[in-house]
Number of protein chains: 2
Amino acid sequence: MSILAIDFGGTRTRAAWFSSDLRLLARAETATLAHEAQEAVITRVLATARQVVPAGQTPRAVGICAPGPQAYTGLILHAPTLPGWHKVPLAQRVSAAFNAPAYMENDANLAALAEYHQGAARGANPAVYLTVSTGIGGGAIINGELFTGWRGLAIEPGHLKFPLPDGQIVSLEALASGTAIGRAARDRLAGTGVPSALRSLPAVDGKAVGEAAQRGDALALEVIHEAGRWLGLGLVSVIHLFNPQVIVIGGSVALLGDLIFNPARQVIADYVTDPAFNDPSLLRVAQLGDDVCLIGAALYAEGKTPS
Amino acid sequence: MSILAIDFGGTRTRAAWFSSDLRLLARAETATLAHEAQEAVITRVLATARQVVPAGQTPRAVGICAPGPQAYTGLILHAPTLPGWHKVPLAQRVSAAFNAPAYMENDANLAALAEYHQGAARGANPAVYLTVSTGIGGGAIINGELFTGWRGLAIEPGHLKFPLPDGQIVSLEALASGTAIGRAARDRLAGTGVPSALRSLPAVDGKAVGEAAQRGDALALEVIHEAGRWLGLGLVSVIHLFNPQVIVIGGSVALLGDLIFNPARQVIADYVTDPAFNDPSLLRVAQLGDDVCLIGAALYAEGKTPS
């Protein structure tokens, strides 16, 4: 029997229908419109999912990918991209709508599971996944199993903390995410007279900085280089604690490729205590693109239910 | 059948005989004298171990605790406290001498195993152990099993890296170990005219600073407070990545108690992203004292062999 997967994000909601051997057979997508009334949003999620379920069929199980470290409880809570949502029993609503068991987990955790089974971390032990996008999240697979820690909160690399020269202690997320890249560029534009194509834009965010960097804009390149160095320093912590075989980096910032990876690689090479920690194939780009959470949700639901 | 345990350290070598239900029945100890010829040192290790083996008995297995992240290979290599030792097959020598299988692992890993089974982290999942002494080492137990990472190098919290205000990037070990505490005190004594009982000592090391702090010496207290804050910042990384149920701190610096723990606790409380990461009983002092590695080695050997 088949698996239904739902990727419920702050911006987009996706759904897919998977065969019993986990091939993706049908896909649907809609805007989440998270600012609307909760009931309207949930109705839209269920409608999107119904689009992919073949007439007359019931899924064996439903996997749901959702933001927030405590998604595993089946409730939406503490999700920064869904600020008005508190203890909303999304998994229960989905389960009732599709008459099937529903299993919900954090998006970065399920992305880790997907990259481990079908992507860039296939078979690696341990496999660590980082998503670098608006924020920074993560997941890890140890001995083939999702590692979630005591209360399901493990692998939050965005909250690694570093002291700045002025004495402030800040999160990696505030130094290396897309949001941080946008802010750093705006600070430089305001603080210096350095010429930059970014000056002609009405608004400068991480995406604009990335595009300018890819066209060779010096200020944008410098900002991304600096973010890459911080990312590398965060990875040095991950490496010395987990000794991962593979670290996969996904999320929109990873699309910058070597612009962000090269400075990260340099910091890793400079600061690991022994080259044995730093295999040439340690750091890899995510392979599964926008489907990563759907695939992870399907794998997760499949692992929870006997076939 | 019984288990022989050997704790081979850079300074002391200990051996113990354990009953089949892992009660410690006999113990022997000697100075390692690591500067002597390798063969003399190994002969002394074997002689110390023989002292605890009852006449006519053969151990079912031997557990060996040794320094260096790659002790699990059975070879001594890359151990900073045994600098002249390269690829010395200690496990093999022990196995031949006692006609029993011998299993060697890193000292901090085996201490983690011991505190998990019999000490301050009993039953915790995940359980993380840090030893803060001359250096800083660590181990973790996940789902009841020793977590060692890809190449056996996992949990090296001493190598977490932090940027200093001057731009240097340094290891936690250089900020919060006993060695770091001694050096920081010497720097302050040289750099300021602040009165301190330490000025009357011929040499100032971490131990002397700890003793002065316990007698209320202001300079010593300040140095230890600062080390405790760095330790706390390192633990913030461990906490956000592992979401441990319990973190046990052992080693000589942990004997300073609240002098080092309170500033660490404060930094953790200030910088964890959610109080759910920071249970009141998260941080605990090690319980097993000098026997910790012997107990860990016995548990490790016992787990490797059918009874």
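Just above, that's the structure.
So, here's what we can say about the structure. (Residues numbered from 1 in each chain as written. Chains lettered and ligands numbered in written order. Predicted model: local features only at pLDDT ≥ 70, side-chain atom pairs only at ≥ 80, totals over all residues. Heavy atoms only, no water.)

**Section: the pattern of salt bridges**
This model, assessed by the stated rule, comprises 26 salt bridges over all chains. A salt bridge links A:Arg12 to A:Glu29, with the nearest nitrogen and oxygen atoms 2.8 Å apart. With A:Arg12 in strand 2 (residues 12-18) and A:Glu29 in strand 3 (residues 24-31), the pair connects residues that are 17 residues apart, well separated along the chain. For A:Arg12, a relative accessible area of 35% translates into the label partly exposed. Residue A:Glu29 is classed as partly exposed on the basis of its relative accessible area, which comes to 37%. Here B:Arg14 makes a salt bridge to B:Glu29, at a shortest N to O gap of 3.5 Å. Of the two residues, B:Arg14 sits in strand 2 (residues 12-18) while B:Glu29 sits in strand 3 (residues 24-31), which places them 15 residues apart along the sequence. We classify B:Arg14 as buried; its relative accessible area is 13%. Among the charged side chains, a salt-bridge network with shared partners connects A:Asp7, A:Arg12, A:Arg14, A:Glu29 and A:Asp290. (Salt bridge = Lys/Arg side-chain N within 4 Å of Asp/Glu carboxyl O. Helix = DSSP H or I, 4+ residues; strand = E, 2+ residues; numbered from the N terminus. Buried < 20%, exposed > 50% of the residue type's maximum accessible area, 1.4 Å probe, protein only.)

**Some thoughts on the relation of the copies chain B and chain A**
Each copy superposes on the other: chain B lies on chain A with an RMSD of 0.0 Å after a rotation of 180° and an axial shift of 0.0 Å. Such a turn and shift between the copies fits a two-fold axis. For chain B, the smallest separation between a C-alpha atom and the rotation axis is recorded for B:Pro165, amounting to 2.0 Å. Interface overlap between copies: 100% of the residues of chain B at the interface are likewise at the interface in chain A, consistent with a symmetric, same-surface contact. (Least-squares fit on C-alpha atoms with pLDDT ≥ 70 in both. Contact = heavy atoms within 4.5 Å.)

**Things to note about the environment of A:Ala203**
Residues and elements named next belong to chain A. Take Ala203: it is sitting in the loop between helix 5 (178-191) and helix 6 (206-214). For Ala203, a relative accessible area of 55% gives the class exposed. Residues Ala203 and Gly182 lie 21 residues apart in sequence; the distance between their C-alpha atoms is 9.5 Å.

**Observations regarding helix 1 (residues 38-52) of chain A**
Residue and element names in this part refer to chain A. The terminal C-alpha atoms of helix 1, which comprises 15 residues, lie 22 Å apart, in line with the 21 Å expected from a rise of 1.5 Å per residue. Buried residues of helix 1: Val41, Ile42, Arg44, Val45, Leu46, Thr48, Ala49 and Val52, and no others. Each element contacted by the buried residues of helix 1 is listed here: strand 1 (3-8), strand 2, strand 3 and helix 2 (90-98). (Expected span 1.5 Å × (residues − 1).)

**Thoughts on the environment of B:Ala112**
All names here are of chain B. Following the sequence through the fold, Ala112 ends up in helix 3 (residues 107-118). Given the relative accessible area of 4%, Ala112 is considered buried. Along the backbone, Ala112 and Ala127 are 15 residues apart, and their C-alpha atoms lie at a distance of 7.7 Å.

**Details of the sheet that holds strand 11 (residues 246-250) of chain A**
Residue and element names in this part refer to chain A. Strand order in this open sheet of five strands is 8-7-6-11-12, and the pairing throughout is mixed. Two strands in the sheet have a free side with no partner beyond their single neighbour: strand 8 (145-147) and strand 12 (283-285). Geometrically, the sheet is characterised by an average inter-axis angle of 30° between neighbouring strands, direction not taken into account. As defined by bridge partners, strand 11 adjoins strand 12 across three bridges and the pair is classed as parallel. Looking at the pairing, Ile247 lines up with Leu283 of strand 12. Packing of helix 3 (residues 107-118) onto the sheet brings it into contact with strand 6 (127-132), strand 7 (136-142), strand 8 and strand 11, and relative to strand 7 it is tilted by some 50°. Strand contacts of helix 7 (residues 218-242): strand 6, strand 7, strand 8, strand 11 and strand 12, with the helix running at about 160° to strand 6, the strand carrying the most contacts. (Pairing = 2+ DSSP bridges. Axes fitted to C-alpha atoms, helices over the stretch in contact; angles between N-to-C directions.)

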